[in-house]
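# Descriptive analysis of the structure
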Amino acid sequence: MKRKPLNEMKVSFPSYSENERFARVAVSGFLTQLDPQIDELADVKTAVSEGVTNAIVHGYRNTLGEIFMQIRIFENRHVYIKIRDKGCGIADVEQAMQPLFTTAPEEERAGLGFAVMESFMDKVKVRSKLGEGTTLILEKTLKERV
Amino acid sequence: MNVEIKNYPSARTLVAEICGDIDHHTAKYFRGEIDKAIRSHNPLTLILDYSQVTFMDSSGIGLVMGRYRIMSEMGGEVIVASPPAYIRKVLQLAGMHRLTKIVTDIAPYIQEKKAAQEQNESPDDKTKESDKIETKTP
């Protein structure tokens, strides 16, 4: 069953690290229509920041590529965010998602990106193929405002 | 974004006040400035003042962990000061509270170590005593 989103936004940008901030601001701007609580918005921004940073640091390591981000809002304040890169891909997704696992210790990556995403979002899904890229899907149902 | 570094030589404490977002992009800059100050002042306590941090992802954890490593090698410690609630959440998720103290009052750490007999010194003198080094992004 395919649900129809109530609203949708797509954006793409090159994998410059300056754009980590842009991605967060874009998500937060689009979600203002739901009038989210500050802590929930901080959770989503943090998860998006981790996802986009992964694409920049790992997907396009030492290269420049395009990052695609899509946000959909569904009924009942359900938020769906897709972050996609056409970078190197992940050989072992399960291993990559282990807390403290990192392939970039020299950059002081703590290996906590996925742990943060999993803790701050309701659902985190990763699809990846070596040499083709990685798709990350983040989902969260925002609390009802009283 | 910028980081203001204050040195308190008599307490052998270095305070790094970080302003703005800490992400992968900005962490590189913060790290460089803080490490430069550690090398030139050789502190025993490094305080990362997070009170003016507006956003932080796991890059902010990397920043604490990396400095923890450096300070441990020198026999010193790292303290995180006054993180806002949403930043405390990220720190706790990473178990940072087991590695470093998280405090709200840094006064005990910037007072002179042998200060017992010099308690009458006014706080104004303390601020003057610290050599202020402010750095801004180019």
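In every chain, residue numbers begin from 1 and rise along the written sequence. Chains and ligands are labelled sequentially in the order written, the chains with letters from A and the ligands with numbers from 1. With pLDDT at 70 or above as the cut-off, local features in this predicted model cover only qualifying residues; side-chain atom pairs require 80 or more to be listed or tallied, and sums for whole chains, interfaces and linings still use all residues. Excluding hydrogens and water, the side-chain values take into account all heavy atoms of the structure.

### Looking at the pairing of strand β5 (residues 133-141) of chain A
All names here are of chain A. Spelled out, the test is: Each residue is assigned to one of three classes by its accessible area relative to the maximum for its type, calculated with a 1.4 Å probe on protein chains only: buried under 20%, partly exposed between the two thresholds, exposed over 50%. Put simply, DSSP marks the helices as runs of H or I at least four residues long and the strands as runs of E at least two long, and each gets a number from the N terminus on. Any two strands with at least two DSSP bridges between them are considered paired.
Among the nine residues of β5, eight are classified as buried, and the element is accordingly described as predominantly covered. Across eight bridges, strand β3 (residues 78-85) lies against β5 in antiparallel orientation. Within β5, the residue paired with V79 across the bridge is K140. Summarising the sheet, strand β4 (residues 123-129) and β5 pair through seven bridges and their orientation is antiparallel. Considered in β5, the bridge of R127 is made with T135. Linking β4 back to β5 in an antiparallel pair, the connection comprises three residues, with G131 at a positive phi of about 85 degrees.

### Things to note about the interface of chain B and chain A
Stated precisely, the cut-off is as follows: Contacts between residues were defined by any pair of non-hydrogen atoms, one from each residue, lying within 4.5 Å. Note on definitions: buried area is the accessible-area loss of two parts on being combined, 1.4 Å probe, summed for both. Put simply, a salt bridge is a Lys or Arg side-chain nitrogen that is within 4 Å of an Asp or Glu carboxyl oxygen. Polar contacts here mean pairs of N or O atoms no more than 3.5 Å apart (in protein, one a potential hydrogen donor and the other a potential acceptor; neighbouring residues in sequence count only if both atoms are side-chain atoms).
The partner chain A presents 25 residues to the 22 residues of chain B that form the contact. Interface of chain B and chain A: buried area, both sides summed, is about 1,900 Å²; carbon and sulfur atoms make up 54% of it. On the surface where chain B and chain A come into contact, there are four salt bridges. Of the charged contacts in the structure, one is a salt bridge between B:D21 and A:R24, with a shortest N-O distance of 2.8 Å. Counting the contacts that link chain B with chain A gives ten residue pairs in polar contact (both at pLDDT 80 or more). Sorting the residues of the side of chain B that touches chain A by element identifies α1 (24-41), β3 (45-56), α2 (58-73) and α3 (85-93) of chain B as the ones contributing at least two each.

### Here we look at the packing of aromatic side chains
Aromatic ring pairs are reported here in terms of the distance separating the ring centres and the angle at which the planes meet. Residue and element names in this part refer to chain A. Threshold: Aromatic pairs are defined between Phe, Tyr and Trp rings, using the six-membered ring for Trp, whenever the two ring centres lie within 6.5 Å; interplanar angles under 30 degrees are classed as stacked, those over 60 as edge-to-face, and all others as tilted.
Per the stated rule, a full pass over the model turns up three aromatic pairs over all chains. Ring plane angle 85 degrees and centroid distance 5.7 Å describe the contact between F13 and F22, whose orientation is recorded as edge-to-face. What makes F13 buried here is its relative accessible area of 3%. On the basis of an interplanar angle of 85 degrees and a centroid distance of 6.4 Å, the ring pair of F74 and Y80 is categorised as edge-to-face. As far as burial versus exposure is concerned, F74 and Y80 are alike and both buried.

### Points about the nonpolar core
Rules: Throughout, nonpolar core names a set of buried Ala, Val, Leu, Ile, Met, Phe, Trp, Tyr and Cys residues whose side chains join them through atoms within 4.5 Å.
Core analysis: the biggest nonpolar cluster contains 34 residues, and A:L31, A:V48, A:M69, A:I81, A:I83 and A:L138 have the highest contact counts within it. Listed by contribution, the elements that provide at least two residues to this core are β1 (7-14), α1 (19-31), α2 (38-59), β2 (66-74), β3, α4 (113-120), β4 and β5 of chain A. A per-element tally of this core places α2(A) first, with seven residues. Residues within four places of A:L138 in sequence aside, it is in contact with A:A47, A:V48, A:V79, A:Y80, A:I81, A:I83, A:M117, A:M121, A:K123 and A:V124. Residues B:I22, B:A37, B:L46 and B:L91 belong to the second largest nonpolar core, which totals 33 residues.

### Brief notes about the environment of A:S12
All names here are of chain A. With respect to the helices and strands, S12 occurs in strand β1. Residue S12 is classed as partly exposed on the basis of its relative accessible area, which comes to 37%. Once the C-alpha coordinates of S12 and E66 are considered, the two residues, 54 residues apart in sequence, prove to be 6.6 Å apart. The residues touching S12, leaving out its near neighbours within four places in the chain, are E66, I67 and F68.

### Structural notes on the environment of B:Q52
Residue and element names in this part refer to chain B. By the element assignment, Q52 lies in strand β3. Taking the relative accessible area as the measure of exposure, Q52 reaches 39% and is therefore partly exposed. Each C-alpha atom of the pair Q52 and I18 lies 6.3 Å from the other, and the pair is 34 residues apart in sequence. Filtering out sequence-adjacent residues up to four positions away, Q52 remains in contact with E17, I18, C19 and G20.

### Observations regarding the environment of B:D21
Relative to the elements of secondary structure, B:D21 occurs in strand β2 (residues 13-22). As a C-alpha pair, B:D21 and B:Y8 span 13 residues in sequence and 26 Å in three-dimensional space. Look past the residues within four positions of B:D21 in its chain and what remains in contact with it is A:R21, A:R24, B:T26, B:F30, B:T54 and B:F55. Of the polar contacts made by the side chain of B:D21, one reaches the side chain of A:R21; its length is 2.7 Å. Of note is the side chain of B:D21, whose polar atom sits 2.8 Å from the side chain of A:R24.

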